[in-house]
Amino acid sequence: MHLLSMTDLGDAELSNILTETERIKKNPIVSRDALVDKSLVLLFEKPSTRTKVSFEVAMFQLGGQSINLNVGSSQLSRGESIGDSARVLSRYANAIAARVYNHKSLLELAEYSTVPVINALSDLEHPCQVISDLYTIRESRGRLKGVKLAYVGDGNNVCNSLILGCAMTGVDLSIASPLGYAPDEKLLLKAQSMASSEIKKYTNPVDAVTGADYIYTDVWVGMGDESEKKKRLKAFQDYQVNESLLEKAADGCRIMHCLPAHRGMEITDEVLDGPQSIVWEQAENRLHTQKAILLKLLQ
Ligand code: CP
Ligand code: NVA
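Quick notes on the rules
- Residues numbered from 1 in each chain as written.
- Chains lettered and ligands numbered in written order.
- Predicted model: local features only at pLDDT ≥ 70, side-chain atom pairs only at ≥ 80, totals over all residues.
- Heavy atoms only, no water.
- Near = heavy atom within 4 Å.
- Polar contact = N/O pair within 3.5 Å; in protein donor to acceptor, adjacent residues only side chain to side chain.
- 1 Å grid on protein atoms, 1.4 Å probe; cavity = no way out; pocket = protein on both sides within 12 Å on 5 of 7 lines; lining within 4 Å.
- Sits in = over half its atoms within 2 Å of the grid points.
- Nonpolar A, V, L, I, M, F, W, Y, C, P; charged D, E, K, R; others polar.
- Areas by Shrake-Rupley, 256 points an atom, 1.4 Å probe, with all protein chains shown as cover.
- Pairing = 2+ DSSP bridges.
- Helix = DSSP H or I, 4+ residues; strand = E, 2+ residues; numbered from the N terminus.
- Axes fitted to C-alpha atoms, helices over the stretch in contact; angles between N-to-C directions.
- Points joined across faces, edges and corners; volume = space filled by probe spheres on them.

Undergrad: Sorry, what's going on with the site of ligand 1 here?
TA: Within the structure, ligand 1 sits among Ser48, Thr49, Arg50, Thr51, Arg99, His126, Gln129, Cys258, Leu259 and Arg286. One of the backbone nitrogen or oxygen atoms of Thr49 is found 2.7 Å away from an oxygen atom of ligand 1. Contact between ligand 1 and Thr51: an oxygen atom at 2.7 Å from a side-chain N or O atom of the residue. Its atoms largely coinciding with the cavity grid, ligand 1 occupies the largest pocket. Each residue belonging to the shell around ligand 1 can be placed in one class, and the counts come to 2 nonpolar, 5 polar and 3 charged.

Undergrad: Where do I start with the site of ligand 2 in this structure?
TA: By nearness alone, every residue bordering ligand 2 is listed as Leu121, Asn156, Asn157, Val158, Asp218, Val219, Gly222, Met223 and Leu259. Asn157 places a polar side-chain atom, nitrogen or oxygen, 2.8 Å from an oxygen atom of ligand 2. Between ligand 2 and Met223, the relevant distance is 2.7 Å, taken from an oxygen atom to a main-chain nitrogen or oxygen of the residue. Coverage of ligand 2 by the protein amounts to 94% of the 270 Å² it exposes when considered alone. Its atoms largely coinciding with the cavity grid, ligand 2 occupies the largest pocket. Looking at the shell around ligand 2, its residues break down into 5 nonpolar, 3 polar and 1 charged.

Undergrad: Got a minute to help me understand the sheet that holds strand β4 (residues 117–119) in this structure?
TA: Pairing between the strands of a sheet comes from backbone hydrogen bonds, and it takes one of two forms, parallel or antiparallel. In space, the 4 strands of this open sheet follow the order β2-β1-β3-β4, with parallel pairing throughout. Of all the strands in the sheet, the pair left with one neighbour each is β2 (65–70) and β4. The sheet shows a mean angle of 20° between the axes of neighbouring strands, direction not considered. As paired strands, strand β1 (residues 39–44) and strand β3 (residues 95–99) are joined by 5 bridges and run parallel to one another. Note that in β3 the partner of Leu42 across the bridge is Ala97.

Undergrad: Help me understand the layout of surface pockets, please; the structure alone is not making it clear to me.
TA: Sizing a probe to match a water molecule and rolling it over the atoms shows the empty space that remains. The calculated volume of the largest pocket comes to roughly 630 Å³. In terms of lining residues, the largest pocket is bounded by 37 residues, among which Leu121, Asn156, Asn157, Gly222 and Met223 are the most central. Mapped by element, the contributors of at least two residues to the lining of the largest pocket are α2 (50–61) and α6 (157–169). Among the elements that take part in the lining of the largest pocket, α6 stands out by supplying 3 residues, more than any other. Split by residue class, the lining of the largest pocket holds 14 nonpolar, 12 polar and 11 charged.

Printed below as a string of structure tokens:
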């Protein structure tokens, strides 16, 4: 089984991962040595702090090993094909977590790999992040069904996985993105058709956050979008999560950000560091969910 998209998990499997995360977080000893003799290869084309370190620490705490293979230092950088690399890595390791520019590279890895391939972020989705985010909401609110989440910003990889994750768990999601930066239309329609909750798209951030229990944002210039920086900063200037936007949300609304944050751009210091922010818990939970994901795929 691969984890390239949220939809590679059934609703029950996703729910089980969230429950397993809770069990492991409360008592990490329950999963100690669960992956002895297992190895995970981390194949990253792009920078990472949280994803890479949480996978490495998770494998260590589960009794297994991780191998950090930056693409630039591998033979992939000298033209070895993704397919050949996948065939070889599958013979050494028990799973491959890959962060890639183009989602097609993940599909190719998965086609030739005989061990699970985990999407550690592509241009299309970031499922490990969103599994952790759903856990964070459940942890802070006690449930997911009926919770109102607003996503303000770029309709990017994180937004796409949130759309699918909310549809699978009954979270109502309102997205506000500038024209031209809406989430993947095909993915949105698919999520709307399978959701028991409401998945709505707006252009005005106030429309999306009115009455929201959680506001989530992400960078305006993602990895791979650097050449569009000037254009993007202009397009997103009215999409900042700040105190005046937060006032429109429900009382006690919590603030989320997958990080890294660009303070003063998509989010202000006051909001990121304020009492309603749960971003550090959200970041910590990457470690706990990573363990539950690895146990599901490698055990
Ligand atoms: N949120 C997230 O995936 O962070 P990194 O890019 O640091 O891994
Ligand atoms: N969505 C952003 C941040 C993800 C951690 C990106 O792709 O760069």
